[in-house]
Amino acid sequence: VTLGLSGVFVRWIGVNNYVRVTVPPTYRDRMSGLCGTFDGNSTNDLRLRDGSEVTASSSTFPSSQTSRNAYHSFGTSWTVPATSRLLTPTSDVCTDNTAPPSHPCDIANSNLPAPNERRIQAQIKCYDIMDDTGPYALCHKVLDPKWYFESCLYDVCACGPNSDCACSSVVAYEQECRSKGVTIVNSIVDNCGVCHGDGSSCRSGYPWCNVFIDPHSAASGHKQSYSTFDCLLHRFQGKCEYTLARDCTERLFDIHIEN
């Protein structure tokens, strides 16, 4: 979907509940929301609605409780006020959790294997991302795989080893890698966003923000991971409607997302 004359393009890959927002360079230095500031500096992407910033460790995403708290504060600050909602009735009452949930790989669940076993199973499911001799080995030189691997572990631990939750993170990693000019010889994603396909994914010459979402979110706690325009990875699990990206200079567009 192209938003009028703004040149902003929103794409949704339904198979993996994967959302991409692409903006032209004219919006550089004038963006805000969960997709970040788009100013070429990822360190200030966690800017709250009031203009202040929170910080998170760049090496522990998303397992550190400190980092999860920072991402949670950032995400909840972009909750859309009831009077400005586009996706939910203004009469609905929506309250975010006061703190982010624990990592699902560490939580006992009677319907899933024990935490240690679940983490090992998740590591196997997500190994394609980290494999130094695998399909994304060339990507490791230009794009740190640990962020996507950790996000993949999070989703698979929550969904269970027999789910397809790993594919969302794989799709996101491949798309970001392609955008950096890497040719993936043995892609495992096809043009429909299905893992273990022919790898003919779409490309764009403009910067983009990605949202890759656990396809079983209704059953596992609404888990979204975000890659901002400036390539900062963060995770936010909210329950309401949020500002994903907006033009904060001329207000030509305002994109919302409902968790």
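That block above? That's the structure.
Residues numbered from 1 in each chain as written. Predicted model: local features only at pLDDT ≥ 70, side-chain atom pairs only at ≥ 80, totals over all residues. Heavy atoms only, no water.

1. Quick look at the state of the cysteines
By definition, a disulfide links the sulfur atoms of two cysteines through a covalent bond. Note the following rule: For the purposes of this analysis, a disulfide is any pair of cysteine sulfur atoms at a distance within 2.5 Å. A helix here means a DSSP run of H or I that spans at least four residues, while a strand means a run of E at least two residues long, and both kinds are numbered starting from the N terminus. Only protein chains enter the accessibility calculation, which uses a 1.4 Å probe; a residue is then buried when its area is under 20% of its type maximum, exposed when over 50%, and partly exposed in between.
Under the defined criterion, the tally for this structure stands at 3 disulfides. Across the disulfide from C139 sits C177; the S-S distance is 2.0 Å. Between C139 and C177 the sulfur-sulfur dihedral comes to about -95°; the bridge is accordingly left-handed. Residue C139 is found in the loop between α3 (127-130) and α4 (146-159), and its partner C177 is found in helix α5 (residues 166-179); the two are separated by 38 residues along the sequence. The buried category is assigned to C139, whose relative accessible area is 1%.

2. Regarding the pairing of strand β8 (residues 241-247)
Rule in force here: Each pair of strands is called paired provided DSSP finds at least two bridges between the two strands.
When you tally the buried positions in β8, you get 7 out of 7 residues, the bulk of the element. As paired elements, strand β4 (residues 31-32) and β8 share 2 bridges and run antiparallel to each other. Bridge pairing links S32 to R246 in β8. Inspection of the sheet shows β8 paired to strand β9 (residues 254-258) by 5 bridges, in the antiparallel sense. Note on β9: the bridge partner recorded for E241 is E258. The antiparallel hairpin formed by β8 and β9 contains 6 residues in its connecting segment, where R251 sits at a positive phi of about 55°.

3. Quick look at α5
We apply this condition: Between the first and last residue of a helix there are one fewer steps than residues, each counted as 1.5 Å, and that sum is the expected span.
End to end, α5 covers 21 Å across 14 residues, agreeing with the expected 20 Å (1.5 Å per residue, within 8%). Counting buried positions along α5 yields 13 of 14 residues, so the element is predominantly enclosed. Just downstream of α5 lies G181, where phi reads positive at about 90°.

4. Observations concerning the packing of aromatic side chains
Our working definition: Each pair of aromatic rings taken from Phe, Tyr and Trp, with Trp reduced to its six-membered ring, is defined by centres within 6.5 Å and is described as stacked if the planes are under 30 degrees apart, edge-to-face if over 60, and tilted in the remaining cases.
Summed over all chains, the structure comprises 4 aromatic pairs. Seen from their ring centres, Y136 and Y173 are 6.0 Å apart, and the 85° between their planes marks the pair as edge-to-face. With a gap of 37 residues between them, Y136 in the loop between α3 and α4 and Y173 in helix α5 connect regions that are remote in the sequence. Considered together, Y136 and Y173 belong to a single accessibility category, that of buried residues. Linked through ring pairs, Y136, Y148 and Y173 together constitute an aromatic cluster.

Keep in mind these numbers describe shape, not what the thing actually does.
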